[in-house]
Amino acid sequence: MKKLFLLLALTGLVGCQTVTDMRTQGPYAEYSSAKDAKSLATCIMAGWEKEPLVIGQAFDAAINLIDGGYSVYTPNYAEVADVYEAKNGSLIKYYLQRGGAMTTQSRIDKRTNTVTSCL
């Protein structure tokens, strides 16, 4: 039984990437909006916080300032949405840790649906 738990823990860690790694690989998706970057980043953060992906677990998302906009991210940087000011609104680059145990299509759909609902 201990070996099973160790295997599951290691499997989850295999997909861990830094934000720099994710940005180097390029975004999973890009979006544009007529809204300003601050409003959009705030909407994304609030939406991600309302959608915990583990039943019964509190969920946090956070925002940091980045050059030209804001970065919204989830714990362990499983998902990151960089929201940049653009000429006619804002540009969103959505990144995720690829290949990890947390990368399921259901999770990706929930996160991207939140982003598109904020546009």
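The preceding data block contains the structure.
Here the structure is a predicted model, which means the values were calculated and not measured.

J.: Would you mind going over the packing of aromatic side chains with me for this structure?
T.: Aromatic ring pairs: the centre-centre distance and the angle between the two ring planes describe each pair. Inspection of the entire model under this criterion finds three aromatic pairs. Measuring from ring centre to ring centre gives 6.3 Å for Trp-48 and Tyr-94, while their planes differ by 70 degrees; the resulting arrangement is edge-to-face. Of this pair, Trp-48 sits in helix H3 (residues 37–50) while Tyr-94 sits in strand E5 (residues 89–96), and the two are 46 residues apart along the sequence. Among the residues examined, Tyr-94 registers a relative accessible area of 0% and is labelled buried. Members of the aromatic cluster, connected to one another through ring pairs, are Tyr-28, Trp-48 and Tyr-94.

J.: How should I be thinking about the sheet that holds strand E1 (residues 29–33) in this particular structure?
T.: Within a sheet, each strand pairs with its neighbour through backbone hydrogen bonds, oriented either parallel or antiparallel. An order of E1-E5-E4-E3-E2 is seen for the five strands of this open sheet, with the pairing classed as antiparallel. Strands with a single pairing partner mark the edges of an open sheet, and in this sheet they are E1 and strand E2 (62–66). Ignoring which end each strand starts from, the neighbouring axes of this sheet average 20 degrees apart. Pairing analysis gives five bridges linking E2 to strand E3 (residues 69–73), with the strands arranged antiparallel. Bridged to Ile-63 within E3 is Val-72. Against the sheet, H3 engages E1, E2, E3, strand E4 (79–86) and E5, with an angle of about 160 degrees to E4. Seen against the sheet, helix H4 (residues 105–118) touches E1, E4 and E5 and runs at an angle of roughly 170 degrees to E5.

J.: Is there a simple way to explain the nonpolar core in this structure?
T.: Grouped burial of nonpolar side chains is what soluble globular proteins tend to show. Ranked by internal contacts, the top residues of the largest apolar core, which has 18 residues, are Ile-44, Trp-48, Val-83 and Ile-92. Counting only elements with at least two residues in this core, the list comes to E1, H3, E3, E4, E5 and H4. If you tally residues by element for this core, the top one is H3, at five residues. By size, the runner-up hydrophobic cluster in this structure holds five residues, among which are Met-22, Tyr-73, Val-80 and Tyr-95.

J.: Looking at this model, I keep getting lost on the pairing of E4. Mind explaining?
T.: Two faces, one strand: in a regular strand the side chains alternate between the faces of the sheet. Relative to E4, E3 runs antiparallel, the two sharing five bridges. Its bridge partner lying in E4, Tyr-73 is registered against Val-80. Where E3 folds back on E4, the antiparallel hairpin that results is connected by five residues, among which Asn-76 adopts a positive phi of roughly 60 degrees. Two strands pair when backbone bridges link them, and E4 and E5 are joined in this way by eight bridges, in the antiparallel orientation. Paired with Glu-85 across the bridge in E5 is Ser-90.

J.: Explanation requested: the packing of H3 against H4 in the structure shown.
T.: Any two packed helices are characterised by how steeply their axes cross, that is the angle between the axes, and by the distance between the axes. Direction vectors running N to C along H3 and H4 enclose 140 degrees, while the axes themselves pass 9 Å from each other. You can see that H3 and H4 cross each other, and the crossing is right-handed. Here Leu-40, Cys-43, Ile-44, Gly-47 and Trp-48 of H3 lie close against H4, whose contacting residues are Arg-111, Thr-114, Val-115 and Cys-118.

Procedures and definitions
Residues numbered from 1 in each chain as written. Predicted model: local features only at pLDDT ≥ 70, side-chain atom pairs only at ≥ 80, totals over all residues. Heavy atoms only, no water. Phe/Tyr/Trp six-rings, centres within 6.5 Å; stacked < 30°, edge-to-face > 60°. Helix = DSSP H or I, 4+ residues; strand = E, 2+ residues; numbered from the N terminus. Buried < 20%, exposed > 50% of the residue type's maximum accessible area, 1.4 Å probe, protein only. Pairing = 2+ DSSP bridges. Axes fitted to C-alpha atoms, helices over the stretch in contact; angles between N-to-C directions. Contact = heavy atoms within 4.5 Å. Core = buried A, V, L, I, M, F, W, Y, C linked by side-chain atoms within 4.5 Å. Left-handed = near helix turned anticlockwise from the far one by under 90°.

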